[in-house]
Amino acid sequence: MTMPTTASGNRGLQLEQGLIFELNTPGMTAVDLPTAPKVTERLGDMKNSQAIGLPGLSEPDVVRHYTRLSQKNYSIDSGFYPLGSCTMKHNPRLNEKMARLPGFADIHPFQPVSTVLGALELIDTCAAWLKDLTGMAAVAMSPAAGAHGELCGLMCIKSAHEANGQSHRKTILVPESAHGTNPATAALCGYAVEAIPANAEGRVDVAALKAHLRPEIAAVMITNPNTCGLFERDCIDIAKAVHDAGAYFYMDGANYNAIVGRLRIADLGVDAMHINLHKTFSTPHGGGGPGAGPTVLSAKLAPFAPVPMVVKVGERYDAEEHAGFGAAKQSYGRMKGYHGQFGVFVRAVSYMMAMGIDGLRQASGDAVLNANYLLARLSEELTPAFDGPCMHEAVFDDRFLKGTGVTTLDIAKALIDEGVHPPTMYFPLVVHGALLMEPTETESKATLDGFIESLLHLARKAKSGTAEADFKAAPMYSPRRRLDETKAARKPILRWLPPADGNGAKQAAE
Amino acid sequence: MSQTRFTKDHEWIKVDGNVGTVGITEFAQGQLGDIVFVEVPPAGKAVKAGGEAAVVESVKAASEVYSPVSGTVKEGNSALPDAPETVNSDPRGKGWFFKIELSDVKELDGLMDQAAYDKFVAELS
């Protein structure tokens, strides 16, 4: 069926919207300003030589522009969002109410400590929960996101090695299936990276890891549950071997939501782990923020934690701002301007208090149950990458598409037409043509069943061998059809330029 | 006389005397999909067999290109960064990554010849 074209370019209530610069009507403005009085020019050569290029629009035009853009957004509040590893779950509105309390929302980092004691207490409360849940000795609250938390952990490890005369340790071991941030963080800290292969089960090959341990190894970074959605069962054994070799054990806590309330990280022998508060403890996130990556530390690494840190002097809260003093005597210094993502702390504490330890334990259990439900029912037509059961994520490879001409990418695009945000594709890299799905604990069985029906329908359609062209044409119903991702990566147009001949703007917007 | 050898990481090396030209195989480019970014090593860079030598990025994944042998880079393919699609269209020809002066020609003995590599790839799919 061919859709009729419209004169406006709009499709019903799906409205076309140009860039705000293309909507420019010179001189149009939301407010009438009086003519500027004539004054003596005092800027000399520094005065503006040309217009600064701000678009002219009326207030209703600006309101419509941004409202229309917001309507093109797909979010967890509009539908199912099984993007793997991202933990796109419902964010309770109670958190938002708490974060908007004036005592939390209207404070400034430069206020005197005596006027923000409640805020410091909240940071300490959040820290106390995290230490309690993980069994770890300390927590650095300031890292702004997961990868920033990794950096915090590795900088503590580096500081500890330097303090102990172990500066010759210059290599970090990272499994092949790791998040890309792990080797990137290690490289940023000046370490070389060696990859540890996975075994056929999708877990770290412990024998290979042990074979790599030697006096140059500074630390091992392992994600648990790992990016294949599987629990790393050998952590205690790994931790012992790592410690015996004089190295530290960093755990990537991106998937902590699958085990929270079920085990204490400290019992696994972990030295440092970041916690993605925004994921596990429910702050609206995506598109780059906001996140928070507090990093829990073992007693051996705790002395090196970054400033600023909240301390308690008698019964009164205070902030230690400077490395080299008091509780921060051996601190490696400051990695963020202030105390961290305070608004995320408020939401996390609100969530933890509302859920309670028993509620958090049930949440991780339900997340794992939901993922296993997807794994079991989708196995009817799709091919699971590993034997189940899985943890909070289900991973499929593309064997079920073999010979159909349809690829993982085509399935993802067709899912957009079904009204679902596609799962993560082609990651983890160790799985061929991977589809990585994380349903989270907050989706109902009815929602999961709807998603399963869509995906089973697409799998059967692909296998019928008659629908390849349909798949290549997907998505049909989105505001834009399939984008040329290759061209976008090879020849990106990163900024709008004013048209030289009146036609340039159109081209730049495509 | 030149000889071509292959690694399990899907690099090829074509050797004349003690100078080899390195690239990735047809199978590798097919698995990666549309290649959008390539970084080649500078001349003079010392590399070890199995060590990282170049970077290749596609719409699906970013990956290292490992040097099949130890030695010193003589030249990186300067045309590739501006035309990464060449790796897709001509992986065994114009899509070469770098030329290397081998420090130990005997290392080639540990690599696969065309027949062994074809068998290796057939077992993967």
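Residues numbered from 1 in each chain as written. Chains lettered and ligands numbered in written order. Predicted model: local features only at pLDDT ≥ 70, side-chain atom pairs only at ≥ 80, totals over all residues.

## With respect to the overall build of chain A
Point 1. Each helix and strand counted, chain A has 15 helices and 13 strands in total.
Point 2. Taking 2.2 N^0.38 as the reference for a compact globule, 510 residues should give roughly 24 Å; the C-alpha atoms of chain A span a radius of gyration of 26 Å, in line with that estimate.
Point 3. Residues counted as buried form 41% of the 510 residues belonging to chain A.
Point 4. Counted over contacts in chain A with a minimum sequence separation of 6, partners at least 24 positions apart contribute 71%. (Helix = DSSP H or I, 4+ residues; strand = E, 2+ residues; numbered from the N terminus. Rg over C-alpha atoms; globule rule 2.2 N^0.38 Å. Buried ≥ 20, exposed ≤ 12 C-beta atoms within 10 Å, placed from the backbone. Contact = placed C-beta atoms within 7 Å.)

## With respect to the interface of chain A and chain B
Point 1. Counting residues at the interface gives six residues for chain A, matched by six residues for chain B.
Point 2. A per-class count over the side of chain A that touches chain B returns three nonpolar, one polar and two charged. (Nonpolar A, V, L, I, M, F, W, Y, C, P; charged D, E, K, R; others polar.)

## What about the nonpolar core?
Point 1. Ranked by size, the top nonpolar core spans 125 residues in total, and within it Cys156(A), Val220(A) and Leu297(A) carry the most contacts.
Point 2. Summarising the domain contributions, this core has at least three residues from each of domain 1 (93-351) and domain 2 (358-490) of chain A.
Point 3. Filtering out sequence-adjacent residues up to four positions away, Val220(A) remains in contact with Leu173(A), Leu209(A), Ile238(A), Val242(A), Ala247(A), Phe249(A) and Tyr250(A).
Point 4. Listed in part, the 29 residues of the second largest apolar core include Val22(B), Val36(B), Val65(B) and Leu102(B). (Core = buried A, V, L, I, M, F, W, Y, C linked by C-beta atoms within 7 Å. Domains from an automatic or database assignment.)

## Structural notes on the sheet that holds strand 4 (residues 35-39) of chain B
Residue and element names in this part refer to chain B.
Point 1. Spatially, 4-6-7 is the arrangement adopted by the three strands of the open sheet, whose pairing is antiparallel. Strands at the two margins of the open sheet, each flanked by one partner only, are strand 4 and strand 7 (62-66). With strand direction ignored, the average angle separating the axes of adjacent strands in the sheet is 25°.
Point 2. Pairing analysis gives four bridges linking strand 4 to strand 6 (residues 52-58), with the strands arranged antiparallel. From the neighbouring strand, Glu 39 faces strand 6, where its bridge partner is Val 55. (Pairing = 2+ DSSP bridges. Axes fitted to C-alpha atoms, helices over the stretch in contact; angles between N-to-C directions.)

## Here's the deal with the sheet that holds strand 8 (residues 71-76) of chain B
Point 1. With antiparallel pairing, the six strands of this open sheet are ordered in space as 1-2-3-9-8-5 (chain B). A strand with exactly one partner marks an edge of an open sheet, and here the two such strands are strand 1 (3-6) and strand 5 (46-47) of chain B.

## Details of the domain arrangement of chain A
All names here are of chain A.
Point 1. Looking at the assigned domains, one finds that chain A contains domain 1 (93-351) and domain 2 (358-490).
Point 2. The distance between the C-alpha centroids of domain 1 and domain 2 comes to 31 Å.
Point 3. Taken together, the contact between domain 1 and domain 2 spans 18 residues of the former and 17 residues of the latter.
Point 4. Taken together, the residues that form the side of domain 1 that touches domain 2 break down as eight nonpolar, seven polar and three charged.

## Concerning the confidence of the model for chain B
If pLDDT is low for a region, its predicted coordinates should not be looked at in detail.
Point 1. Across chain B, the average pLDDT comes to 94, with 98% of residues at or above 70.
Point 2. For this predicted complex, the interface score ipTM comes out at 0.79, alongside a pTM of 0.89. (pLDDT = per-residue confidence, 0-100.)

## Thoughts on the environment of Phe400(A)
Residues and elements named next belong to chain A.
Point 1. Examined against the element boundaries, Phe 400 turns out to sit in the loop between strand 11 (394-397) and helix 11 (408-417).
Point 2. Given 20 C-beta atoms within 10 Å, Phe 400 falls into the buried group.
Point 3. With residues up to four places along the chain from it excluded, the contact list for Phe 400 reads Glu 381, Leu 382, Thr 383 and Ala 459.

## Details of the packing of helix 4 (residues 117-134) of chain A against helix 10 (residues 342-378) of chain A
Residues and elements named next belong to chain A.
Point 1. Orientation of helix 4 relative to helix 10, taken along the N-to-C sense of each, is 55°, at an axis distance of 9 Å. Between helix 4 and helix 10, the crossing angle belongs to the class labelled oblique. Between helix 4 and helix 10 the crossing geometry is left-handed. Of helix 10, the residues touching helix 4 (which contributes Ala 119, Leu 122, Ile 123, Thr 125, Cys 126 and Trp 129) are Phe 342, Phe 345, Val 346, Ala 348, Val 349 and Met 352. (Parallel < 35°, antiparallel > 145°, perpendicular 65-115°, else oblique. Left-handed = near helix turned anticlockwise from the far one by under 90°.)

## A short note on unusual backbone geometry
Residues and elements named next belong to chain A.
Point 1. The omega torsion of the bond from Phe 427 to Pro 428 falls at 0°, within 30 degrees of zero and hence cis.
Point 2. Mapped onto the elements of the fold, Pro 428 is located in the loop between strand 12 (424-425) and strand 13 (435-437).
Point 3. Of note, the amide linkage connecting Ala 474 to Pro 475 takes the cis form, showing an omega dihedral of 0°.
Point 4. You can see Pro 475 is positioned in the loop between helix 13 (468-473) and helix 14 (485-490).
Point 5. Here the phi dihedral of Ser 85 falls at roughly 75°; this positive angle occurs in a residue that is not glycine.

## Notes on the environment of Tyr191(A)
Point 1. Topologically, Tyr191(A) is positioned in the loop between helix 6 (181-188) and strand 3 (192-196).
Point 2. Residue contacts for Tyr191(A): discarding those within four places in its chain leaves Lys170(A), Thr171(A), Ile172(A), Ala186(A) and Ala218(A).

## Considerations on the pairing of strand 11 of chain A
Point 1. Here strand 10 (residues 383-384) of chain A pairs with strand 11 of chain A via two bridges, running antiparallel. Its bridge partner lying in strand 11 of chain A, Thr383(A) is registered against Asp397(A).

## Let's talk about helix 11 of chain A
Residues and elements named next belong to chain A.
Point 1. Burial within helix 11 is extensive, with eight of its 10 residues counted as buried.
Point 2. Contact partners of the buried residues in helix 11: strand 12, strand 13, helix 12 (445-463) and helix 13.
Point 3. The positive-phi residue at the C-terminal boundary of helix 11 is Gly 419, with phi of around 85°.

## So, the packing of helix 5 (residues 146-163) of chain A against helix 6 of chain A
Residue and element names in this part refer to chain A.
Point 1. The N-to-C vectors of helix 5 and helix 6 enclose an angle of 45°; their axes lie 9 Å apart at closest approach. If you check the angle between helix 5 and helix 6, you find them oblique. Handedness of the helix 5/helix 6 crossing: right-handed. For the pair helix 5 and helix 6, the contacting residues are Gly 146, Ala 147, Glu 150, Leu 151 and Leu 154 in the first and Thr 181, Asn 182, Thr 185, Ala 186 and Leu 188 in the second.
Point 2. A breakdown of the residues in the contact of helix 5 with helix 6 according to their chemical character gives five nonpolar, four polar and one charged.

## Quick word on the pairing of strand 4 (residues 217-223) of chain A
All names here are of chain A.
Point 1. Across the seven residues that make up strand 4, a large majority, seven, are buried.
Point 2. Inspection of the sheet shows strand 2 (residues 171-175) paired to strand 4 by three bridges, in the parallel sense. Bridge pairing in strand 4 places Leu 173 opposite Val 220.
Point 3. Here strand 4 runs beside strand 5 (residues 248-252); their pairing, made up of five bridges, is parallel. Paired with Ala 219 across the strands is Tyr 248, a residue of strand 5.

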